[in-house]
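Residue strings, one per chain:
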Amino acid sequence: MKVLKILGVGVFTAALVVLSLFGLDYVLSDDTNSFARLIMHEMYEQEEIDSLIVGSSHAYSGLDPAILDKEWNQNTFSSSTSAQRYDTSFMLLREANRVADIDTCYFEISMYSTTKDIGDGILAEICTVSDFLRPSLDKFSYMLKAVKPEDYVNAFCRARRNWKSIYSLEEMEETVSKKSKDFYKNYEGVELKSGEYKGKGFIDFEGELQNAATSVKGAYQGPISEDFLECLREMSQYCRENDIELICFAAPLSEYTLASGGSYDDYYIQAKEVCEEYGVPYYDFNLAKPSVLDIQDSDFRDRTHLNGTGARKLTKGFADFFAGKIEEEEMFYESYAQKQEHLPKRFIGIVIRRDESKEYCEMTPIATKEDDYKYEVLYEDENKDYVSIQKKSSNLKFKMPQKGKTKLKIRVYDSQGNKVAGFIKSI
């Protein structure tokens, strides 16, 4: 009897702790505007998913499953989330297959994700999805591997991550108030600054990319991570064992991003060879021919994400290609270099950086074709007037008038004297 009494006290105490944690989580963790919460709920409601899309924001802003459903006459769902890691994509594939019996998985990969090691990730990238995964041994195993040991408490206890809210009664009351409303209880939607959630894991974004002036070059294109190779090996094996067709693809990035980061073909060749090694087809829509899939700057909301117009273009081309309506040779160039040869002459953007001394500024022009471009540079003075630093010149390095943050206005002219671009950039 004494043993049973001790066990009973232990069970009661454990239950009390669990209930307390759930209660704290409810009042401390504001997930009322979580896009991931919404799509995970939708995923668990699917009885069958013919085609699953996993990947990052390039996928959920680039492919509309509702259009694919109509084109393919099947059920398509996207479990893509912001900055989704490849090990998370694999976890989502397994989870979706448990509840909805997947036939085909389209795995979006890019030079942003595949060159990172698992240890490079931050906790928020993991918890974006893990917070809404149902409890299971698979989830537990995934998190033990994905999370750094020093972050275990925060990863497994969401209330601990948001503990600072406990000092603000106003914040807790606001969270409880929002969670008590029907939109939250019924998973009716989220508020987005520049887009609208359309369901099935797709966001229809607004906005349009203008000529780019930035201090950041294209993404790092180092060797593909050994962790990614291991993940792809395990993923391809899982798909073979579960009769799932696995297809890797890359969503379009802006020409600025592709041209400013060095040779994109260095990455493309790596990705193609890696996928072929594990028997997984790889299709890069950055190599799509404009005659079949014409993606312009106006189809992007920023340098790396499509807007709604671009998404509808990509989705239609994606649907036609994988439905067999377009042959591979008709859809893609053999390399990005070959695509560049066929692009019309255009000044795309400019990378602007101060040198180490902070006294000089250096410009790197990004264009589809070489030309004798001239650059006129002005800066905004204390009176908000623009003052000339450099008249029309091919010079790409100039002395800054001051060391502090300075707003520059740059005008670009081609060899015929025509203005082809203009930028305003604070640096």
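Just above sits the structure.
Residues numbered from 1 in each chain as written. Predicted model: local features only at pLDDT ≥ 70, side-chain atom pairs only at ≥ 80, totals over all residues. Heavy atoms only, no water.

## Description of the overall build of the protein
Next, step 1: Regarding its fold elements, the protein presents 17 helices and 15 strands.
Next, step 2: Counting only residues that meet the buried cut, the protein has 50% of its 427 residues in that class.
Next, step 3: In the protein, the proportion of contacts linking residues at least 24 apart, taken out of those at least 6 apart, comes to 73%.
Next, step 4: When the accessible area of the protein is evaluated, it comes to approximately 21300 Å², of which 50% is carbon and sulfur surface. (Helix = DSSP H or I, 4+ residues; strand = E, 2+ residues; numbered from the N terminus. Buried < 20%, exposed > 50% of the residue type's maximum accessible area, 1.4 Å probe, protein only. Contact = heavy atoms within 4.5 Å. Areas by Shrake-Rupley, 256 points an atom, 1.4 Å probe, with all protein chains shown as cover.)

## Observations regarding the sheet that holds strand β1 (residues 51-54)
Next, step 1: Judged by pairing direction, the sheet is parallel, and its five strands sit side by side in the order β2-β1-β3-β7-β8 without closing on themselves. In this open sheet, the two edge strands, each paired with only one partner strand, are β2 (76-78) and β8 (282-284). Between one strand axis and the next, the sheet turns through 20° on average, direction left out of account.
Next, step 2: Sheet topology note: the β1/β2 ladder contains three bridges and is parallel. Paired with Ile53 across the bridge in β2 is Ser78. (Pairing = 2+ DSSP bridges. Axes fitted to C-alpha atoms, helices over the stretch in contact; angles between N-to-C directions.)

## Examining empty space enclosed by the protein
Next, step 1: A complete count under the given rule lists two cavities of 30 Å³ or more for this structure.
Next, step 2: Within this model, the largest cavity holds a volume of roughly 50 Å³.
Next, step 3: As for the largest cavity, its lining consists of Gly55, Ser56, Gln84, Arg85, Tyr86, Ser89, Phe107, Glu108, Ile109, Ser110 and Ser113.
Next, step 4: Residue assignment for the lining of the largest cavity shows that the elements contributing at least two residues are α5 (86-100) and β3 (104-108). (1 Å grid on protein atoms, 1.4 Å probe; cavity = no way out; pocket = protein on both sides within 12 Å on 5 of 7 lines; lining within 4 Å. Points joined across faces, edges and corners; volume = space filled by probe spheres on them.)

## Brief notes about the pattern of salt bridges
Next, step 1: If you walk through the whole model with that rule in mind, you get 23 salt bridges.
Next, step 2: When the shortest N-O distance is used, the salt bridge between Asp204 and Arg312 registers 3.0 Å. Of this pair, Asp204 sits in strand β5 (residues 202-205) while Arg312 is found in helix α15 (residues 308-322), placing the two residues 108 residues apart along the sequence.
Next, step 3: Given a relative accessible area of 38%, Arg312 falls into the partly exposed group.
Next, step 4: Between Arg301 and Asp302 there is a salt bridge, with its nearest N and O atoms 3.8 Å apart.
Next, step 5: With relative accessibility at 25%, the residue Asp302 sits in the partly exposed group.
Next, step 6: Connected through shared salt-bridge partners, Glu71, Lys316, Asp320 and Lys325 make up one network. (Salt bridge = Lys/Arg side-chain N within 4 Å of Asp/Glu carboxyl O.)

## A look at helix α14 (residues 264-277)
Next, step 1: Its 14 residues give α14 an end-to-end C-alpha distance of 20 Å, which sits within 8% of 20 Å, the value for a rise of 1.5 Å per residue.
Next, step 2: Those residues of α14 lying buried are Tyr264, Asp265, Tyr267, Tyr268, Ala271, Lys272, Val274 and Cys275.
Next, step 3: Buried positions along α14 lie against α12 (226-241), β7 (245-250), α13 (255-260), β8, α16 (328-331) and α17 (336-342).
Next, step 4: One or two residues past the end of α14 sits Gly279, with phi positive at roughly 70°. (Expected span 1.5 Å × (residues − 1).)

## A word on the layout of surface pockets
Next, step 1: Put simply, the second largest pocket is a space of about 350 Å³.
Next, step 2: If you go around the second largest pocket, you meet 21 residues; those closest to its centre are Glu255, Pro290, Ile295, Gln296 and Leu343.
Next, step 3: Taken together, the residues that form the lining of the second largest pocket break down as 11 nonpolar, five polar and five charged. (Nonpolar A, V, L, I, M, F, W, Y, C, P; charged D, E, K, R; others polar.)

## A closer look at unusual backbone geometry
Next, step 1: The residue Tyr187 is not glycine, and still its phi comes out positive at about 50°.
Next, step 2: Within the secondary structure layout, Tyr187 lies in the loop between α11 (182-185) and β4 (195-199).
Next, step 3: Judged by relative accessible area, Tyr187 falls into the partly exposed class, the value being 30%.
Next, step 4: For Asp243, which is not a glycine, the phi torsion comes out positive at approximately 55°.
Next, step 5: The topology assignment puts Asp243 in the loop between α12 and β7.

## Examining α15
Next, step 1: The end-to-end C-alpha separation of α15 is 21 Å, in line with the 21 Å expected for 15 residues at 1.5 Å each.
Next, step 2: Taking burial as the measure, the 15 residues of α15 include 11 buried ones, the bulk of the element.
Next, step 3: All of the buried residues in α15 are Gly308, Gly310, Ala311, Leu314, Thr315, Gly317, Phe318, Ala319, Asp320, Phe321 and Phe322.
Next, step 4: Tucked into the core, α15 has its buried residues touching α4 (65-72), β3, β5, β7, β8 and α16.
Next, step 5: At the N-terminal end of α15, a side-chain oxygen is found 3.2 Å from the backbone nitrogen of Thr309, two or three residues along, and the residue is Asn307.
Next, step 6: One or two positions beyond α15, positive phi appears at Gly324, with a value near 85°. (Polar contact = N/O pair within 3.5 Å; in protein donor to acceptor, adjacent residues only side chain to side chain.)

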